[in-house]
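Examination of the molecular architecture
Next come the chains, spelled out residue by residue.
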Amino acid sequence: MSEHDANARFIRESIVEPDAIARARAHAVELGASPISAAVGAQIAVLAAATGARSIVEIGTGAGVSGLWLMRGAPQAVLTSIDNEPEHLAAARQAFADAKISSTKARFITGRAADVLPRMNEASYDIVLVDADAENVIEYVEHGLRLARNGGMVLVPRVLAGGRVADPVQRDAVTAAYRSLIQETQESSAVLAAVSPAGEGLLQLVSIAERG
């Protein structure tokens, strides 16, 4: 086993997922949803806590898993969750109720993110999590950066695409989109960008003022 594989395994096995999130994950798998890993969940919880997030948007519910991790880090926040799968939204709503999170702390919007996001207020959110429709990830990140306040974060899990992004031979549309997203955000003067390799990978973007 390589050092990288050993580290990844250690990180994966060291995380203790709270019971409410573990139950949500089991339900998500039953529904055929693909929730973020516990390793990425722990990271976004820390980021939500560190930023003192009070207004969060997630694109793709993961049947409640990602939202519960975000709210674990920022219990004071209000979460807006967007998904075009009513069954996944219903599961997320139930997961929040089971976790005893007040209904005033979350709103669930059924619809295509491409239709919903343009109607949302600019520079109004502390965190935008993008975890849906990988083929449209660049478009969703552009919306996320518009919605995030100065200093706010846009988070993109799965950005390493199961190792395909690092393999130059892989040129499918999703892999190319993630690869382009990483490159473009690293070169941008409008954001600070970093990629964590834990779990399925997490691109972390902080919106900053343009620098002259």
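In case you missed it, the structure is sitting above this.
Now for a description of the structure that goes with this document. (Residues numbered from 1 in each chain as written. Predicted model: local features only at pLDDT ≥ 70, side-chain atom pairs only at ≥ 80, totals over all residues. Heavy atoms only, no water.)

Time to look at the packing of helix α2 (residues 19–31) against helix α4 (residues 65–73). Running from N to C, α2 and α4 point in directions that differ by 165°, and their axes come no closer than 9 Å. The angle between α2 and α4 places the two elements in the roughly antiparallel class. Crossing handedness for the pair α2 and α4: left-handed. Where α2 abuts α4, its residues Ala-20, Ile-21, Ala-24 and Arg-25 lie against Val-65, Leu-68, Trp-69 and Arg-72. Its residues assigned to classes, the contact of α2 with α4 comprises six nonpolar, no polar and two charged. (Axes fitted to C-alpha atoms, helices over the stretch in contact; angles between N-to-C directions. Helix = DSSP H or I, 4+ residues; strand = E, 2+ residues; numbered from the N terminus. Parallel < 35°, antiparallel > 145°, perpendicular 65-115°, else oblique. Left-handed = near helix turned anticlockwise from the far one by under 90°. Contact = heavy atoms within 4.5 Å. Nonpolar A, V, L, I, M, F, W, Y, C, P; charged D, E, K, R; others polar.)

The seven strands lie next to each other as β3-β2-β1-β4-β5-β7-β6, forming an open sheet whose pairing is mixed. Looking at strand neighbours, the two that pair on one side only are β3 (106–110) and β6 (191–196), the edges of this open sheet. Pairs of neighbouring strands in the sheet enclose a mean axial angle of 15°, with direction left out of account. Of the pairings in the sheet, the one linking β6 to strand β7 (residues 202–207) comprises six bridges and is antiparallel in character. Within the sheet, the bridge partner assigned to Val-195 lies in β7 and is Leu-203. (Pairing = 2+ DSSP bridges.)

Below, the discussion takes up α2. For α2, which comprises 13 residues, the first-to-last C-alpha distance of 19 Å matches the rise-based estimate of 18 Å (1.5 Å per residue) to within 8%. Packing partners of the buried residues in α2 comprise α3 (38–51), α4 and α5 (86–98). One or two residues past the end of α2 sits Gly-32, with phi positive at roughly 85°. (Expected span 1.5 Å × (residues − 1).)

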